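Results of the structural survey
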Amino acid sequence: MPLTQEQKKQYKSIGHHLKPVLIVADNGLTEGVLAELERALNDHELIKVQLRITEREDRLAAIDELCKAARGELVQVIGKMALIYRKNPKPNKNLSNISRFQG
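Heads up: these notes are all about the structure in this document. (Residues numbered from 1 in each chain as written. Predicted model: local features only at pLDDT ≥ 70, side-chain atom pairs only at ≥ 80, totals over all residues. Heavy atoms only, no water.)

On to helix α2 (residues 31-44). Given a rise of 1.5 Å per residue, 14 residues ought to cover 20 Å, and the 20 Å separating the end C-alpha atoms of α2 matches this to within 8%. Those residues of α2 that fall on the buried side of the exposure criterion are Val-33, Leu-37, Ala-40, Leu-41 and His-44. For α2, the angular spread of buried residues about the axis comes to 95°, placing them on one side. Considering only its buried residues, α2 is in contact with β1 (22-24), β2 (46-51), α3 (56-70), β4 (81-85) and α4 (97-102). Positioned one or two residues after α2, Glu-45 has a phi angle of 65°, which is positive. (Helix = DSSP H or I, 4+ residues; strand = E, 2+ residues; numbered from the N terminus. Expected span 1.5 Å × (residues − 1). Buried < 20%, exposed > 50% of the residue type's maximum accessible area, 1.4 Å probe, protein only. Arc of directions from axis to C-beta. Contact = heavy atoms within 4.5 Å.)

What follows is the structure, encoded as structure tokens:
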């Protein structure tokens with residue numbers, strides 16, 4: 001189910017304070033990157049990803065691939081940073097960025 005504008009606004013404000021959990025470099029989307037993406041989304045639900053890819057089109061294609069591979073929703077892209085969300089049916093209240101910042 002796509003995120004509403006209100007949810008995106010709320011997640012952007014939470015994401016502003018996050019540090020990147022995953023960094024994608026020139027090697028692209030390797031098995032290790034995808035495994036870490038899966039783990040991070042399971043734990044945190046909302047994560048910031050830094051893409052160290054110089055070409056804008058390549059960067060946007062990589063973000064699209066990340067979202068498809070993780071079955072996640074793109075919340076925001078600013079420069080080389082992407083904010084990705086995937087709901088966890090049983091989130092850990094101590095790890096989930098959504099739970100922690102909503103109180």
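In total, this model carries five salt bridges according to the counting rule given. When salt bridges that share partners are traced, they join Glu-36, Arg-39 and Asp-43 into one network. (Salt bridge = Lys/Arg side-chain N within 4 Å of Asp/Glu carboxyl O.)

What follows concerns the packing of aromatic side chains. Taken as a whole and assessed by the stated rule, the structure comprises one aromatic pair. Pairing Tyr-11 with Tyr-85 gives two aromatic rings, centres 4.6 Å apart and planes at 35°, and the pair type is tilted. Here the residue Tyr-11 occupies a position in helix α1 (residues 5-15), and Tyr-85 occupies one in strand β4, the gap between them amounting to 74 residues. Of the two residues, Tyr-11 and Tyr-85, neither departs from the other in class, the shared state being buried. (Phe/Tyr/Trp six-rings, centres within 6.5 Å; stacked < 30°, edge-to-face > 60°.)

The next subject is the side chain of Ser-96. Positionally, Ser-96 belongs in the loop between β4 and α4. Within the structure, Ser-96 has its side chain in polar contact with the side chain of Glu-45 (distance 2.4 Å). For Ser-96, the side chain forms a polar contact with the main-chain nitrogen of Ser-99, separated by 3.3 Å. In contact with Ser-96, not counting residues within four places along its chain, are Asp-43, His-44, Glu-45 and Pro-91. (Polar contact = N/O pair within 3.5 Å; in protein donor to acceptor, adjacent residues only side chain to side chain.)

Among the surface-exposed residues, Leu-60, Leu-74 and Val-77 lie close enough to one another that they form a single nonpolar patch of about 200 Å² accessible area. Assignment of secondary structure puts Leu-74 in strand β3 (residues 73-78). (Patch = residues over 30% accessible without salt bridge, like charges linked within 9 Å, V, L, I, M, F, W, Y side chains within 5 Å. Areas by Shrake-Rupley, 256 points an atom, 1.4 Å probe, with all protein chains shown as cover.)

Below, the discussion takes up the environment of His-44. When you line up the elements, His-44 lands in helix α2. Classification of His-44 by relative accessible area gives buried; the value is 17%. When the C-alpha positions of His-44 and Gln-5 are compared, they lie 21 Å apart, and in sequence the two are 39 residues distant. Leaving out residues up to four positions away in the same chain, His-44 has contacts with Arg-39, Leu-95, Ser-96, Asn-97 and Ile-98.

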